[in-house]
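# Structure at a glance
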Amino acid sequence: MDNKKGMNLFFAFIAIILGWTLFKHIDFKNFTLKDPYLDILYFIAFTVSVFLIIKDKKKRTGE
């Protein structure tokens, strides 16, 4: 069996794009969001993708 020791690039790509978009939507002077409802959805998708990356990484290392 071939044991791959890489990261799932699909979820990494999603996490990078959503993280960058959330960073651009935050107004650091007032600590507000550009579009709060859409940014909450982005944050949920971002956390799910990071969770799946970590879960996949743990599964591949055998823990």
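Residues numbered from 1 in each chain as written. Predicted model: local features only at pLDDT ≥ 70, side-chain atom pairs only at ≥ 80, totals over all residues. Heavy atoms only, no water.

## Quick look at the overall build of the protein
Of regular secondary structure, the protein possesses two helices and two strands. Helices and strands in the protein line up, N terminus first, as α-β-β-α. The buried share of the protein, taken over its 63 residues, is 16%. Taking the intrachain contacts of the protein between residues at least 6 apart in sequence as the baseline, contacts between residues at least 24 apart amount to 64%. (Helix = DSSP H or I, 4+ residues; strand = E, 2+ residues; numbered from the N terminus. Buried < 20%, exposed > 50% of the residue type's maximum accessible area, 1.4 Å probe, protein only. Contact = heavy atoms within 4.5 Å.)

## Points about helix 1 (residues 9-25)
In a regular helix each residue adds 1.5 Å, so 17 residues correspond to 24 Å; helix 1 covers 24 Å between its end C-alpha atoms and thus fits that length. Turning to helix 1, its buried residues number three or more, namely Ala12, Ala15, Leu18, Thr21, Leu22 and His25. (Expected span 1.5 Å × (residues − 1).)

## What about unusual backbone geometry?
The backbone of phenylalanine 31 shows a phi angle near 55°, a positive value even though the residue is not glycine. Position of phenylalanine 31 among the secondary structure elements: in the loop between strand 1 (26-27) and strand 2 (32-33). Overall, phenylalanine 31 belongs to the exposed group, its relative accessible area being 66%.

## Notes on a nonpolar patch on the surface
Together, Trp20, Phe23, Ile26, Phe28, Phe31 and Leu33 make up an exposed nonpolar region whose accessible area comes to about 660 Å². Along the chain, the position of phenylalanine 28 falls in the loop between strand 1 and strand 2. Using a relative accessible area of 44% as the deciding quantity, one classes phenylalanine 28 as partly exposed. (Patch = residues over 30% accessible without salt bridge, like charges linked within 9 Å, V, L, I, M, F, W, Y side chains within 5 Å. Areas by Shrake-Rupley, 256 points an atom, 1.4 Å probe, with all protein chains shown as cover. Salt bridge = Lys/Arg side-chain N within 4 Å of Asp/Glu carboxyl O.)

## A look at the packing of aromatic side chains
Counted according to the given criterion, the structure contains three aromatic pairs. Ring geometry for phenylalanine 10 against phenylalanine 11: centres 5.4 Å apart, planes inclined by 65°, an arrangement best described as edge-to-face. Among the aromatic residues, those joined into a ring-pair cluster are Trp20, Phe23 and Phe28. (Phe/Tyr/Trp six-rings, centres within 6.5 Å; stacked < 30°, edge-to-face > 60°.)

## So, the side chain of aspartate 39
By the secondary structure assignment, aspartate 39 is in helix 2 (residues 36-61). Residues contacting aspartate 39, with those up to four places away along its chain left out, are Leu22, His25, Leu33 and Lys34.

## A look at the packing of helix 1 against helix 2
In contact at an axis separation of 9 Å, helix 1 and helix 2 are set at 145° when each is read in the N-to-C sense. Between helix 1 and helix 2 lies a crossing of left-handed hand. Residues Phe11, Ala12, Ile14, Ala15, Leu18, Gly19, Thr21, Leu22 and His25 of helix 1 touch helix 2, and the partners they reach there are Asp39, Tyr42, Phe43, Ala45, Phe46, Ser49, Val50, Leu52 and Ile53. Residues of the contact of helix 1 with helix 2, tallied by class, amount to 13 nonpolar, four polar and one charged. (Axes fitted to C-alpha atoms, helices over the stretch in contact; angles between N-to-C directions. Left-handed = near helix turned anticlockwise from the far one by under 90°. Nonpolar A, V, L, I, M, F, W, Y, C, P; charged D, E, K, R; others polar.)

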